[in-house]
Amino acid sequence: MNYQWYPGHMTKAVRAMQEDIKLIDIVIELLDARIPLSSRNPDIDSLANNKSRIVILNKSDLSDPSKNSFYKEYYEDKGFFVATIDSRKKNNISKVNGIIEKASEKKRERDRKRGIKNRPVRAMVVGIPNVGKSTFINSFAGKASAKTGNRPGVTKGKQWIRLNNNVELLDTPGILWPKFEDERIGFNIAAIGSINDNIVDNTEIATGLIEYITGNYEGLINKRYEVSEDDDIHIILENIAVKRNCLKKGGAIDYNKTCNLIIDEFRSGVIGKITLE
């Protein structure tokens, strides 16, 4: 399946970010901890060249804890300041405050040498759609500063948020890149809901999730749905439909309902803490 999705507003958003980056001291990139590689937009590296970089592994409450530790170290080794958080919990945000302080040390030192006092650090928050940027900003600011939603494309214009006397955040729309080099990247991004669900095949997403979870997290599908993991993927899907009464009149399998159930339960974390890479 072709997972490409690059609506027109994203092109406009990239152009705006290229202009705004001139005003920025730090780039904070939010990744989804369930897909810590696939959720990195490769275009951000060129956009944020010569800026201090922070990587936030968000939604880490939904991902595999051992993988969280691995990818935190992975990105630190690449020179990023890194935090693993659940941005819905305000006590997680204190981690980010400390990291922003570290990431802004060089900028503050430059200001001191130039005789500039008390200029706020300006940080741009970037990421692909639906990784939780607006929720992160709202938790950080302590009020509903940015619109939030569980669908891609909620934030369409730039918003400056003054956090305190020391930090200003620029929220930006979620942007993908025009072409995924690897189909697996497209699958992973679709699985977490960063591509409009209306343009992807939910059967392919659901069966792909079953295949990955049974192969890498043995026992989770059995525990959640009380079905054997030894069967063919499509038999497992049908058995889940029967167990969850996802049936049409006459007892036929309602594949659409079943697939949406599996996708929703993966996204909400009720199947288990899963990292897809």
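Let us look at the structure shown here. (Residues numbered from 1 in each chain as written. Predicted model: local features only at pLDDT ≥ 70, side-chain atom pairs only at ≥ 80, totals over all residues. Heavy atoms only, no water.)

**With respect to helix α4 (residues 93-103)**
Every buried residue belonging to α4 is among Ile93, Val96, Ile99, Ile100 and Ala103, and all of these are buried. Buried residues of α4, viewed axially, fall in a sector of 110°; they line one side. Considering only its buried residues, α4 is in contact with β1 (26-32), β2 (52-58), β3 (81-84), α5 (105-114), α6 (133-141) and β6 (167-171). (Buried < 20%, exposed > 50% of the residue type's maximum accessible area, 1.4 Å probe, protein only. Helix = DSSP H or I, 4+ residues; strand = E, 2+ residues; numbered from the N terminus. Arc of directions from axis to C-beta. Contact = heavy atoms within 4.5 Å.)

**Examining the nonpolar core**
Core analysis: the largest hydrophobic core is formed by 75 residues, its most contacted members being Ile28, Phe136, Leu169, Ile189, Leu209 and Ile240. With six residues, helix α8 (residues 202-216) is the single largest residue contributor to this core. Core analysis: the second largest hydrophobic core is formed by eight residues, Val55, Tyr71, Tyr75 and Val82 among them. (Core = buried A, V, L, I, M, F, W, Y, C linked by side-chain atoms within 4.5 Å.)

**Quick word on helix α10 (residues 233-243)**
Count 3.6 residues to each turn of an α-helix, and residues three or four apart come out pointing the same way. Within α10 the residues assigned to the buried category are Ile233, Ile236, Leu237, Ile240 and Ala241. Down the axis of α10, the buried side of the element spans an arc of 145°, and every buried residue falls inside it. The N-terminus of α10 is capped by Asp232, whose side-chain oxygen sits 2.9 Å from the backbone nitrogen of His234. Where α10 ends, the next residue or the one after it, Asn245, has phi of about 55°, a positive value. (Polar contact = N/O pair within 3.5 Å; in protein donor to acceptor, adjacent residues only side chain to side chain.)

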